[in-house]
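Observations on the three-dimensional arrangement
The residues making up each chain are set out below.
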Amino acid sequence: MALVSVRDYEQRAYEIVPRNALDYYRSGAGDELSLKLNRTGFDRIRIRPRMLQGGATRDLSCTVFGERYSMPIGISPTAMQRMAHPDGEVANARAAASRSVAFTLSTISTSSLEDVASATPDAPKWFQLYIYRDRQLTEGLVRRAESAGYRAIVLTVDAPLFGLRRADMRNKFSLPPHLTMANFVGKASNIRSQGGSGINEYIAEQLDPALSWEDVKWLIGFTKLPVIVKGILTREDAILAADLGVRGIFVSNHGARQLDSVPASIEALPEIVEAVGARVEIFLDGGITQGTDVFKALALGARMVFLGRPAVWGLAVNGQAGVEHVLDILRNELDLTMALAGCKTIADISKEYVVHENYYSKL
């Protein structure tokens, strides 16, 4: 069967990836209500197309932090990608570079930040950061990212502890023995189950559960790179982040893997755009599976959207070429959506192009 959609890649990946890794990638927290909402949130938004706009071609490019990207689609940080494919994060980053889109490397990657940088020397990359109990180790990661040429630090703020991920508990998740957390040496480089979920045990031992806004201030104070906070779902936190001087906000519920019953990222997006959209760059991840999803998020005020699982599915199926094809599918779908909705450029996509489904029930 030809692979013509992200869903096709997902289904094929389910047949390839070992159960321990597959459940880690695909599962959500608790009863997975928020995991479902990430999808159905997009389904409840309708596009209002405008006709006869005279656009024979579309320009999908966008600029963020002075960097020009081919389209407003990037790759989110996703941990331990060599569980999906031997080339892991390196292949994913090369795919992003080949399509001139943003790539974000996870702190808990199975390829080192230096190896990823060496593989894509001229491509803009961001580094996702967890704050460890050991602040010197944390600062060292940031300094290494700066030296390796990463262009921004994406600080995850919604994971002082990891959420209730029952699939990993049932599987007693461990990183396969031939892999390590490549950015670390010693104890911080291994994820092995001590009886429950190995990743939750690792996070509980290594990360600082007392993470606060003072830590955001600390990070902004010493790094020369733009700081983006990832995991914001409320206007209150968005305002606090903007007041501290962050350059960007990821509206994200961590792939619905942290606290169940939180809103879908797309549901939280409008209030955050309203609160701070004029002050910082707003990004979104969570639930993106097709070009219409990208269009809806842009219409509601996101500057760029990011995807994690779809890139992993492409990686699992066919390495770098699989990720490239996933990106090509999404680009073509977004281009077609823009053509049929009447938008020539990304800047043309505004909130007038979308409404909630309830809009039509009132007619």
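Higher on the page you've got the structure.
The structure reproduced in this document is the subject of the present report. (Residues numbered from 1 in each chain as written. Predicted model: local features only at pLDDT ≥ 70, side-chain atom pairs only at ≥ 80, totals over all residues. Heavy atoms only, no water.)

**Thoughts on the environment of Glu 271**
- For Glu 271, the position within the fold is in helix 11 (residues 265-276).
- Taking the C-alpha atoms as reference points, Glu 271 and Ala 238, separated by 33 residues in sequence, lie 9.3 Å from one another.
- A polar contact of 2.8 Å, which involves the side chain of Glu 271, links it to the backbone nitrogen of Arg 235. (Helix = DSSP H or I, 4+ residues; strand = E, 2+ residues; numbered from the N terminus. Polar contact = N/O pair within 3.5 Å; in protein donor to acceptor, adjacent residues only side chain to side chain.)

**Notes on the pairing of strand 7 (residues 152-156)**
- Burial analysis of strand 7 places 5 of its 5 residues in the buried class, which makes it a mostly covered element.
- Of the two faces of strand 7, both are covered, the one formed by Ala 152, Val 154 and Thr 156 as well as the one formed by Ile 153 and Leu 155.
- The sheet contact formed by strand 6 (residues 125-129) and strand 7 spans 4 bridges and is parallel. Bridge pairing in strand 7 places Gln 128 opposite Val 154.
- Handedness of the crossover is the feature at issue here: the chain leaves strand 6, passes through helix 6 (residues 135-148), returns alongside strand 7, and the resulting connection is right-handed.
- As paired elements, strand 7 and strand 8 (residues 227-232) share 4 bridges and run parallel to each other. The partner of Val 154 across the bridge, within strand 8, is Ile 228. (Buried < 20%, exposed > 50% of the residue type's maximum accessible area, 1.4 Å probe, protein only. Pairing = 2+ DSSP bridges. Right-handed = clockwise from strand over helix to strand, strands pointing away.)

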